[in-house]
Amino acid sequence: FSGFKIYPGHGMRYVRTDNRTFFFVSSKCEASFQMRRNPRKLNWTQLYRRLHKKGTTEEVQKKRRTRATKTQRAIVGASL
């Protein structure tokens, strides 16, 4: 639910009646899942941070593009 990494021996597993399993880091995550909250709207989840571009400015900056410069060239045979 939160998108955080769950290390072995941590968190809890929830098995639904259709045999789909979910892993939760904390009871906060499990409670939010059971209340059917949208992880994209909770600002502490990884999905929210990825959607709203939080914390990416330190790691990856926008690539700067060099613009093509216009040059004037003479036409062979023509005199001005």
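Residues numbered from 1 in each chain as written. Predicted model: local features only at pLDDT ≥ 70, side-chain atom pairs only at ≥ 80, totals over all residues. Heavy atoms only, no water.

## So, the overall build of the chain
- Across its full length, the chain carries 2 helices and 2 strands.
- Taken from the N to the C terminus, the helices and strands of the chain come in the order β-β-α-α.
- Relative to the compact-globule value of 12 Å for 80 residues, the chain shows a C-alpha radius of gyration of 26 Å, a clear excess of over 25%.
- Seen through its principal axes, the chain has C-alpha atoms that stretch 85 × 30 × 25 Å.
- A burial count over the chain gives 11% of its 80 residues as buried.
- Long-range pairs, those at least 24 residues apart, make up 25% of the contacts in the chain between residues at least 6 apart in sequence.
- Carbon and sulfur atoms form 50% of the exposed surface of the chain, whose accessible area is close to 8100 Å².
- Counting 20 positive and 4 negative side-chain charges, the chain places the centres of these two groups 13 Å from one another. (Helix = DSSP H or I, 4+ residues; strand = E, 2+ residues; numbered from the N terminus. Rg over C-alpha atoms; globule rule 2.2 N^0.38 Å. Buried < 20%, exposed > 50% of the residue type's maximum accessible area, 1.4 Å probe, protein only. Contact = heavy atoms within 4.5 Å. Areas by Shrake-Rupley, 256 points an atom, 1.4 Å probe, with all protein chains shown as cover. Lys, Arg positive; Asp, Glu negative; His and termini not counted. Charge placed at Lys NZ, Arg CZ, Asp CG, Glu CD.)

## Some thoughts on unusual backbone geometry
- Even without glycine at this site, Asn 19 takes up a positive phi of about 65 degrees.
- Topologically, Asn 19 is positioned in the loop between strand S1 (12–15) and strand S2 (21–24).
- Asn 19 sits in the exposed class, given a relative accessible area of 66%.
- Not every positive phi belongs to a glycine, and Arg 36 is a case in point at roughly 60 degrees.
- Structurally, Arg 36 is set in the loop between helix H1 (27–34) and helix H2 (46–51).

## A few points about the pattern of salt bridges
- Within this structure, the stated rule accounts for 1 salt bridge.
- Residue Asp 18 pairs with Arg 16 through a salt bridge whose shortest N-O separation is 3.3 Å.
- By relative accessible area, which is 31% here, Arg 16 ends up partly exposed. (Salt bridge = Lys/Arg side-chain N within 4 Å of Asp/Glu carboxyl O.)

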